[in-house]
Amino acid sequence: VVVERQLAAKGLTRHDLGRDKFVEEVGKWKDEKGGKILGQLEELGASLDWSKDQFTMSPQFQKAVNSAFIKLMDGGLIYRGEQLVNWSPELRSAISDMEVTHVDVGERTHFDVPGYDKPVQFGVMVDIAYKVVGSDKELVVSTTRPETMLGDTGVAVHPGDERYKQFHGAKVWHPFRQCEIPVVVDEHVDPEMGTGVVKITPAHDVNDWEVGQRHGLQVLSVMDEGGHMVGECNKFVGMHRFMAREAVCEELEQLGLFRGEQEHSMVVPVCGRTGDVVEPMLKPQWFMNTSKVAEMACTAVTDKDLVLDPEEYKAHWLQFLGEGKQRDWCVSRQIWWGHQVPAYSCTAPGGGQCWVAAA
C-alpha cells in the first residue's frame, strides 16, 4: 500500500508498471526501510535472536508456503470455489475477515472513501417501492445500499407477518431492469426492521446469498472489481458505486418510487489497509474448509490431546467451533506483493478442466 501511494504521487499505478517491475519497487522499499525497522527494534531493547531474522518473501518461506498449500489441497482441506468474499475495490483484492474493521454509525455520517472524490453518506435508510405485478398495490423495501437494488432478484417477507400474506408467491416489477422478480417467504426477515419487506441481492450480501440459495433466486453481479456498475445496470453502467447510489435515488424519485429516507444506525465494513468500504462480491477464490479443521480441533480438546487453561474455556472452544458455526476461510488474494498460490489450471484434450497444486 505504501509503495502504491508513492506511485500514485507520480501519477502511476501498479498496473502501469506491471507485476515484475512493481515487485522490484517493493523490494527496493523493503531494502531501504527494512533495516531501519530492525534497527529501531534493537534500540528499543527487543530480546530477539537476530541470527534468525527472516524475510517474508524469502525462498525458505516460499517453500514452506508451497508445501503447506499442496499438503492441505491434497488432503481436501483447500478447494477452489465461487463464493461471496470481502472485496476491497481500492486494492482490487479479496481480504480476510481479520482485515475488516466494523465501524458503528449511529446517525447520518459522511466518510472519505479512497477512489471517490467527495464524502459518502452513511447512517441513512432509504425506502423504495416495488409495484406488485397485476395489482395497484406496492411493497416498500428499506435499504442502506440503494445502488445494490440494480442486482435485486427478489423481495422477501416473513411467513408470520400478516400484513403481507396476500403477497406470498406474487411478483413485483423491477423498474430499471424492466422485469418481474418474485416475492419469497423466509424466516430470515425481521418483521420489526424497516417495513418488514427485504430486498434480496444474492451477489452482494451474505444474508441475501443464503436466502437466494434457499429459494433458487438468480444471482446477478452488478459491480466490477473497481466498484463500478456493470452488467444489467443500463443507464448506470460505468458509474462509481457511490455515484450510482445518488443517481438511483434520483431516478426513483422521478419514477415516483422513492418513499423517503431516515437516519438509521448501521455497521460499515472498512478495509483496515486502505480505509476503503468493503463490498461483498461473488468471486472464484481458494478456500479453507473450516468444518474439517474445526472438527479436528474439537476432537483434540475432547480427547485431551490439547488442554485448555483455564478449564472453563473448553465450553467456549467447543461452542465456537461446533457444527455449523464456521464459515470457510478465503485464503487467496489478488495482491501482487505476496506468495503466489502454487496451483495450476489444466485442460484435457477433451475439454475437461482441473486444478493441480505443485511446486
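Up top is the structure these notes are about.
Here's what I pulled together on the structure shown here. In this text the structure is predicted, and so the values were computed from the model without any measurement. (Residues numbered from 1 in each chain as written. Predicted model: local features only at pLDDT ≥ 70, side-chain atom pairs only at ≥ 80, totals over all residues. Heavy atoms only, no water.)

**Let's talk about the sheet that holds strand E14 (residues 279-288)**
Here 4 strands make up an open sheet; going across it, the order is E2-E1-E14-E15 and the pairing antiparallel. With partners counted over all chains shown, the strands left at the sheet margins are strand E2 (93-95) and strand E15 (329-330), one partner each. (Pairing = 2+ DSSP bridges. Helix = DSSP H or I, 4+ residues; strand = E, 2+ residues; numbered from the N terminus.)

**Some remarks on the pattern of salt bridges**
Counting across every chain of the model gives 21 salt bridges. Taking the shortest distance from any N to any O, the salt bridge between Lys 30 and Asp 31 comes out at 3.8 Å. Overall, Lys 30 belongs to the partly exposed group, its relative accessible area being 29%. The network of salt bridges with shared partners includes Arg 145, Arg 241, Asp 276 and Glu 279. (Salt bridge = Lys/Arg side-chain N within 4 Å of Asp/Glu carboxyl O. Buried < 20%, exposed > 50% of the residue type's maximum accessible area, 1.4 Å probe, protein only.)

**Overview of the packing of helix H7 (residues 290-302) against helix H8 (residues 313-320)**
At a closest axis distance of 9 Å, the pairing of H7 and H8 adopts a crossing angle of 155°. In terms of orientation, H7 and H8 fall into the roughly antiparallel class. Between H7 and H8 lies a crossing of left-handed hand. From H7, Ala 297, Cys 298, Val 301 and Thr 302 reach across to H8, where they touch Lys 314, Trp 317 and Leu 318. Considered class by class, the residues forming the contact of H7 with H8 number 5 nonpolar, 1 polar and 1 charged. (Axes fitted to C-alpha atoms, helices over the stretch in contact; angles between N-to-C directions. Parallel < 35°, antiparallel > 145°, perpendicular 65-115°, else oblique. Left-handed = near helix turned anticlockwise from the far one by under 90°. Contact = heavy atoms within 4.5 Å. Nonpolar A, V, L, I, M, F, W, Y, C, P; charged D, E, K, R; others polar.)

**Concerning the environment of Leu 7**
Looking at the element boundaries, Leu 7 is found in helix H1 (residues 2-9). With relative accessibility at 5%, the residue Leu 7 sits in the buried group. For Leu 7 and Asp 208, which are 201 residues apart along the polypeptide, the C-alpha to C-alpha distance reads 38 Å. Among residues more than four places away in sequence, those in contact with Leu 7 are Leu 12, Thr 13, Arg 14, Leu 17 and Phe 22.

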